[in-house]
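# Working through the structure, step by step
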Amino acid sequence: MAERLPQASRQRGGKAMTAAAGSAGRAAVPLLLCALLVPGGAYVLDDSDGLGREFDGIGAVSGGGPNFGASLHILKVEIGGDGQTTDGTEPSHMHYALDENYFRGYEWWLMKEAKKRNPNIILMGLPWSFPGWLGKGFNWPYVNLQLTAYYVMTWIVGAKHYHDLDIDYIGIWNERSFDINYIKVLRRMLNYQGLHRVKIIASDNLWEPISASMLLDTELLNVIDVIGAHYPGTRTVRDARLTKKKLWSSEDFSTLNNDVGAGCLGRILNQNYINGYMTATIAWNLVASYYEQLPYGRCGLMTAQEPWSGHYAVEPPIWVTAHTTQFTQPGWYYLKTVGHLEKGGSYVALTDGLGNLTIIVETMSHKHSRCIRPFLPYFNVSHQFATFLLKGSFSEIPELQVWYTRLGKPSKRFLFKQLDSLWLLDSGGAFTLELQEDELFTLTTLTTGGKGSCPPPPESQPFPQVYEDDFDVDYPFFSEAPNFADQTGVFEYFTNIEDPGEHRFTLRQVLNQRPITWAADAYNTISVIGDYKWSNLTVRCDVYIETPEKGGVFIAGRVNKGGILIRSARGVFFWIFANGTYKVTGDLAGWIIYALGHVDVTANRWYTLTLIIKGRFSSGMLNGKSVWKNIPVSFPKNGWAAIGTHSFEFAQFDNFHVEATT
């Protein structure tokens, strides 16, 4: 371990302290000095003149656990609406008007797991897309305000009835238009159902025009509890402050989870309050558990994108989050005395009003803290000494625990390391920190912090080169099959009650109309699977068209796009249609046609499709017989395998098999 300070130094009135950190030869951890007169800024932490705003918590989209890892206070989940919402679709609890199912998707499971770890975690729900039937033919959720409010209310009631989950906050429409009358109708609907405790947050977009609308409409002002803005760049606007409402950064971060992403998060967790009076910050996203080549790959607080291997990585943003979350709780208050450091960086302090104090100091440099958005104006951070003076009810605090992070070069890097505690008994409540750039300190009266430990994760493995799924699951725990990532449409386990044979259990595309979209969903449904690096592969699947004449299905390989870019996906797509035709295309939209012709195909019968792609050529078979051979395919060179339908139509898939070589 690094050497402690020399005895002589420690004897200077017992006022100096450093910490053991790292192995010998590694960079020493900065000095923390008590009451030594060091040139530099002095910062008073005082509650004599009252406190600042109430702290509402740190969270992540889509949970937490006291004093272990990120220890999140808030979990915000998507209310699945059957549409593409960045990296895939999430199923609605009401695909159709008379359909209700509160066990689809993974969000119910996730909320329950979060509650197991932190029973006090705050739960939020927000729609991105909505099922198509709510739009009455229009791509708009506000056609019938009562109906949409009813739909959202049923999700809240279902969470309680089926999962014993109390939803605390409900949103309007993620990053899209709000409707003033809808917000009022939603509040009345919630109250009518006895859900007075559920608070409304709006509008999960920009600060305006929602803030100005609230100032002009007293009823709207009264029904909205929190103004939530996305990616505010640590700044707010005058109208938002004039509402006197709680202000939240209700979506932020979405940056690659390396040290720069950690620096981004460390900076905004402090400065969202200092610059913008925001009392909660919610990171998108919680865990990067989707194929990395989809949009915003690895933009979660941690990474777990290999369910087939079980490998995961606890990334630096987790430990940056812990600097705040492990030593605060919703209901604490910021001190009024918070701000920027003289030579760059910032500090905040919070108290529970019962004598506890937590101070968080960050010195993230411009280069190592740029978030994905918005643009970050240049600023400078340099070496400095910062003296803090504890006054008011904090002047008698005898000791502070110290936690430390330094981002950057691996040889000089520390992540959430506990240092020796800081004794203040003889210092008159003063201490000095020596600060370098890209550092994070938490100094706190709480002794409950912990980095925790767990066994190392399994080794990373590529997706299996031979993979098959017969979907023979009688009572599936999840509604969707593992490893398939729906990009338009919803593919669910299905039981054919009338088919006692090999197709009793299948995977079925269950949407029969286009949802009210949030992104540019494709006009076909598609679910991707596998390794994006796959080049040479054979895909085989049994398919069943349910729509006579107009229905159609496909299997595909080398699919090169997904998420919000799915509409422009290229690849090799082998289609068959209920009207007795087939088609081979180089794109999902069907503009690039390689081949077409007639085959003996009709609706409501099972067929086996096989697609073979090797090098620059591809071939296809129907029920084991060749349909087309050696069609040249020069682009793309690699991509996922996929299944899907021609339109939003019912269709089934079974006995999926892929064999690949990169």
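Residues numbered from 1 in each chain as written. Predicted model: local features only at pLDDT ≥ 70, side-chain atom pairs only at ≥ 80, totals over all residues. Heavy atoms only, no water.

### Structural notes on the overall build of the chain
Each helix and strand in the chain was counted, giving nine helices and 39 strands. A globule of 662 residues ought to have a C-alpha radius of gyration of about 26 Å, and the chain, at 28 Å, matches this closely. Dimensions of the chain, computed from C-alpha atoms along their principal axes, come out at roughly 95 × 60 × 45 Å. Looking at the chain as a whole, 60% of its 662 residues are labelled buried. Total accessible area computed for the chain in this model is approximately 26,200 Å², and 54% of it derives from carbon and sulfur atoms. Looking at charge distribution, the chain has the averaged site of its 57 positive side-chain charges lying 6 Å from that of its 64 negative ones. (Helix = DSSP H or I, 4+ residues; strand = E, 2+ residues; numbered from the N terminus. Rg over C-alpha atoms; globule rule 2.2 N^0.38 Å. Buried < 20%, exposed > 50% of the residue type's maximum accessible area, 1.4 Å probe, protein only. Areas by Shrake-Rupley, 256 points an atom, 1.4 Å probe, with all protein chains shown as cover. Lys, Arg positive; Asp, Glu negative; His and termini not counted. Charge placed at Lys NZ, Arg CZ, Asp CG, Glu CD.)

### Overview of the sheet that holds strand β29 (residues 525-529)
Strand order in the open sheet made by the seven strands is β26-β29-β38-β31-β32-β33-β34, with antiparallel pairing throughout. Each edge of the open sheet is held by one strand with a lone partner, namely β26 (485-488) and β34 (593-598). Taken pair by pair, the neighbouring strands of this sheet meet at an average axis angle of 20°, ignoring direction. For strand β33 (residues 581-587) and β34, the ladder comprises five bridges, and the chain directions are antiparallel. For threonine 585, the partnering residue across the bridge sits in β34 and is isoleucine 593. (Pairing = 2+ DSSP bridges. Axes fitted to C-alpha atoms, helices over the stretch in contact; angles between N-to-C directions.)

### Remarks on the state of the cysteines
Enumeration according to the criterion identifies one disulfide in this entry. Sulfur-sulfur distance for the disulfide between cysteine 264 and cysteine 371 comes to 2.1 Å. Note on the cysteine 264 and cysteine 371 pair: the S-S dihedral is about 100°, so by sign convention the disulfide is right-handed. Linking cysteine 264 in helix α8 (residues 259-276) with cysteine 371 in the loop between β19 (357-362) and β20 (384-390), this pair joins segments that are 107 residues apart in sequence. As far as the burial class goes, cysteine 264 and cysteine 371 line up, both buried. (Disulfide = S-S within 2.5 Å.)

### Structural notes on the layout of surface pockets
Considered as a void within the structure, the second largest pocket measures approximately 520 Å³ in volume. Lining the second largest pocket we find 25 residues, and of these Asn101, Phe103, Arg104, Phe478 and Ser479 sit closest to its centre. The element contributing the most residues to the lining of the second largest pocket is helix α2 (residues 107-117), with five residues. (1 Å grid on protein atoms, 1.4 Å probe; cavity = no way out; pocket = protein on both sides within 12 Å on 5 of 7 lines; lining within 4 Å. Points joined across faces, edges and corners; volume = space filled by probe spheres on them.)

### A short note on the packing of α2 against helix α3 (residues 145-163)
Two numbers describe how α2 lies on α3: the axes approach to 12 Å, and their chain directions differ by 60°. When the interaxial angle is binned, α2 and α3 end up oblique. α3 is crossed by α2, and the crossing has right-handed handedness. Seen from α2, the contacting residues are Trp108, Met111 and Lys112; seen from α3, they are Trp155, Ala159 and His163. For the contact of α2 with α3, the class distribution of residues is four nonpolar, one polar and one charged. (Parallel < 35°, antiparallel > 145°, perpendicular 65-115°, else oblique. Left-handed = near helix turned anticlockwise from the far one by under 90°. Contact = heavy atoms within 4.5 Å. Nonpolar A, V, L, I, M, F, W, Y, C, P; charged D, E, K, R; others polar.)

### Topic: the nonpolar core
Counting 166 residues, the largest nonpolar core has Ile170, Ile172, Ile183, Ile576 and Phe656 as the members making the most contacts within it. In terms of residues, this core owes the most to one element, α3, which gives eight residues. Not counting residues within four places of it along the chain, the set of residues in contact with isoleucine 183 comprises Ile172, Phe178, Ile200, Ala202, Ile210, Leu220, Val223 and Ile224. Listed in part, the 26 residues of the second largest apolar core include Ala349, Leu424, Phe441 and Leu443. (Core = buried A, V, L, I, M, F, W, Y, C linked by side-chain atoms within 4.5 Å.)

### A few points about α3
Here α3 spans 27 Å end to end across 19 residues, near enough to the 27 Å set by a 1.5 Å rise per residue. Looking at α3, one finds that the buried residues are Leu145, Thr148, Ala149, Tyr151, Val152, Met153, Thr154, Trp155, Ile156, Gly158, Ala159 and His163. Looking at the packing, one finds that the buried side of α3 touches β6 (74-79), α2, β7 (122-127), β8 (169-170) and α4 (180-192). The distance from a side-chain oxygen at the start of α3 to the backbone nitrogen of glutamine 146 is 3.2 Å, and the residue carrying that oxygen is asparagine 144. Just beyond α3, the residue with positive phi is aspartate 164, at close to 55°. (Expected span 1.5 Å × (residues − 1). Polar contact = N/O pair within 3.5 Å; in protein donor to acceptor, adjacent residues only side chain to side chain.)

### Some remarks on the environment of glutamate 251
Take glutamate 251: it is sitting in strand β11 (residues 246-253). A sequence separation of 267 residues divides glutamate 251 from tryptophan 518, and the C-alpha atoms of the two residues are 16 Å apart. Residues within four places of glutamate 251 in sequence aside, it is in contact with Val61, Trp128, Asn174, Glu175, Ala229, His230, Tyr231, Pro232, Ile282 and Trp284. Here the side chain of glutamate 251 touches tyrosine 231 through a polar contact of 2.6 Å, side chain to side chain.

### Regarding empty space enclosed by the protein
Considering only enclosed or pocket space, the largest cavity measures out at about 110 Å³ in volume. Among the secondary structure elements, those contributing two or more residues to the lining of the largest cavity are β6 and α2. For the second largest cavity, the calculated volume is near 50 Å³. As for the second largest cavity, its lining consists of Asp82, His95, Tyr96, Pro131, Gly132, Leu511, Asn512, Gln513 and Pro515. Split by residue class, the lining of the second largest cavity holds four nonpolar, four polar and one charged.

### Observations regarding the UniProt feature "domain: Glycosyl hydrolase family 59 C-terminal lectin" (unreviewed entry) in the chain
Here, the residues flagged by UniProt with the feature "domain: Glycosyl hydrolase family 59 C-terminal lectin" (unreviewed entry) are residues 486-660. Here residues 486-660 is 0% helix and 55% strand, with 21 Å between the C-alpha atoms at its ends. (UniProt positions renumbered as here; feature names shortened; annotations may be inferred.)

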